[in-house]
Structures are given as C-alpha cells and as structure tokens.
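Chain by chain, the residues run as shown.
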Amino acid sequence: MKNIGYIRNSRLTQENSVETQKTLITDFCKIHEIKLDEFIVDEGISGSGEKTDKRDGYNSVLDMIKDGELDTLVVISISRWGRCLGEIYQSVQLMEKMGVKFLSIKENIDTSSPYGRFTINLLSSLYEMELELVRDRVRDTLKVKKENGKVYSKTPMGYDRIG
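These figures come from a predicted structure and were not determined experimentally. (Residues numbered from 1 in each chain as written. Predicted model: local features only at pLDDT ≥ 70, side-chain atom pairs only at ≥ 80, totals over all residues. Heavy atoms only, no water.)

**Some thoughts on the overall build of the protein**
Counting secondary structure elements, the protein contains five helices and five strands. From first element to last, N terminus to C terminus, the protein shows the α and β order β-α-β-α-β-α-α-β-β-α. Along the three orthogonal principal directions, the C-alpha set of the protein runs to about 55 × 30 × 25 Å. Burial status across the protein gives 36% buried among its 163 residues. When contacts within the protein are restricted to residue pairs at least 6 apart in sequence, those whose partners lie at least 24 apart make up 66%. Accessible surface computed for the protein: about 10,100 Å², of which carbon and sulfur atoms make up 52%. Here the protein contributes 25 positive and 26 negative side-chain charges, whose respective centroids are spaced 6 Å apart. (Helix = DSSP H or I, 4+ residues; strand = E, 2+ residues; numbered from the N terminus. Buried < 20%, exposed > 50% of the residue type's maximum accessible area, 1.4 Å probe, protein only. Contact = heavy atoms within 4.5 Å. Areas by Shrake-Rupley, 256 points an atom, 1.4 Å probe, with all protein chains shown as cover. Lys, Arg positive; Asp, Glu negative; His and termini not counted. Charge placed at Lys NZ, Arg CZ, Asp CG, Glu CD.)

So, in structure tokens, the structure goes:
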C-alpha cells in the first residue's frame, strides 16, 4: 500500500507552487510519521469539474484507489484535489469504501472520522462557489470591456495593442 502526495496548480506561471506544496506535504508527513512513497503532480490544470479528464495525475490516483494500491492520500488543501463538490464527494466516498485515508493539511481534515467527512463536504461547497464567483466576475469584466471597445484578450502575435 502506498502513501501519495497529490499536487496541483492551475497555471504554469504559479512560481514555486509545486515545490512549495512538495515541501509542505513532506514536512507534514515527517511530523506525522507517514512514509511518503511518491508525489503525483497535475501542473497547469484547473480543478474545476469540466477539466477532470485532462488531469492525468488525478485520474491515476483514482485508479490506484480503485485497484486497492493506496493507503493514504495527502494534499495541501482540498482545493488542490478539486473544486467540484460532486467529484470531491464521489472520490471521498470511494476512498472511504476502499479504506483510503484522505488528509488535507491546511484544513486539518482526516476523512477517517465523521467530522472530517462532514468538513470536507462543507468546504468543498465553498470552494465550488468561490470558483463560480470568479468565473462570474471575469465574464462581467470581459463583457464591459468588450462593450466599451477596450482590449479584452491577449494581443495576437504580429499585432499592436491599441486601447
């Protein structure tokens, strides 16, 4: 049985995000005497539900859970595991069924307890709402910029930006 650290960042431009998450997970595992076998990383991929099929690391972890290869999954934050309540709920249910412990460092969650399972569902709802609010703000900002003739996207190569 393996103990895995899962790491995800949304954008490749997030400097040191992967290294920071590795360090924090490694330190946590040392303190709690968890022998970490490997890190699985999804870099530059959103945690939103519609991107799950593109998250090779996430899908690899789910396969390991289904195959009974995993004992413990450690993440820095629930939001690194995902931002879709339904998917998080389903994955936690799968982990519970297969006897896999899910540990989230920042939220101090251990899903081997009823309180841990309740808290992960509550926080997952908040993370999903946060993602939806960000999408709404971006959509509104782009709409207003477009209506006012302002630049609202990257400038294509070979063109000059005006406005």
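There's plenty left to go through after this.
**So, the pairing of strand E1 (residues 2-9)**
Burial of E1 is extensive: seven of the eight residues sit out of reach of the surface. Direction of pairing for E1 relative to strand E3 (residues 70-75): parallel, over a ladder of four bridges. Bridge pairing in E3 links Gly5 to Val74. (Pairing = 2+ DSSP bridges.)

**A word on the environment of Gly86**
Assignment of secondary structure puts Gly86 in helix H4 (residues 85-98). Note on Gly86: relative accessible area 38%, which makes it partly exposed. In this structure the C-alpha to C-alpha distance between Gly86 and Glu19, which are 67 residues apart in sequence, comes to 29 Å.

**So, the packing of aromatic side chains**
Applying the stated rule across the entire model yields three aromatic pairs. Relative to Trp81, the ring of Tyr6 has its centre 5.1 Å away and its plane inclined at 85°; by these criteria the two rings are edge-to-face. Here the residue Tyr6 occupies a position in strand E1, and Trp81 occupies one in helix H3 (residues 78-81), the gap between them amounting to 75 residues. Given the relative accessible area of 0%, Tyr6 is considered buried. By relative accessible area, which is 1% here, Trp81 ends up buried. Relative to Trp81, the ring of Tyr58 lies with its centre 4.5 Å away and its plane at 45°, an arrangement referred to as tilted. Highlighted residues: Tyr58 in helix H2 (residues 56-66) and Trp81 in helix H3, separated in sequence by 23 residues. Under the relative-accessibility criterion, Tyr58 is labelled buried at 3%. (Phe/Tyr/Trp six-rings, centres within 6.5 Å; stacked < 30°, edge-to-face > 60°.)

**Here's the deal with a nonpolar patch on the surface**
Together, Phe118, Leu122, Leu126, Met129 and Leu133 line one region of the surface with nonpolar side chains, adding up to about 490 Å² of accessible area. Along the polypeptide, Leu122 turns up in helix H5 (residues 114-147). (Patch = residues over 30% accessible without salt bridge, like charges linked within 9 Å, V, L, I, M, F, W, Y side chains within 5 Å. Salt bridge = Lys/Arg side-chain N within 4 Å of Asp/Glu carboxyl O.)

**Topic: the nonpolar core**
Grouped together as the largest cluster of nonpolar side chains are 22 residues, with contacts concentrated most on Tyr6, Val61, Ile65, Leu70, Leu73 and Trp81. Among residues more than four places away in sequence, those in contact with Leu73 are Ile4, Tyr6, Val61, Trp81, Met95, Val100, Lys101, Phe102 and Leu103. Ranked by size, the runner-up nonpolar core spans eight residues in total, among them Val18, Ile25, Phe28 and Val74. (Core = buried A, V, L, I, M, F, W, Y, C linked by side-chain atoms within 4.5 Å.)

**Focus on the pairing of strand E4 (residues 101-104)**
Pairing analysis gives four bridges linking E3 to E4, with the strands arranged parallel. Paired with Val74 across the bridge in E4 is Leu103. Note: E4 against strand E5 (residues 109-110), two bridges, orientation antiparallel. In the sheet register, Ser104 faces E5, and the bridge partner there is Ile109.

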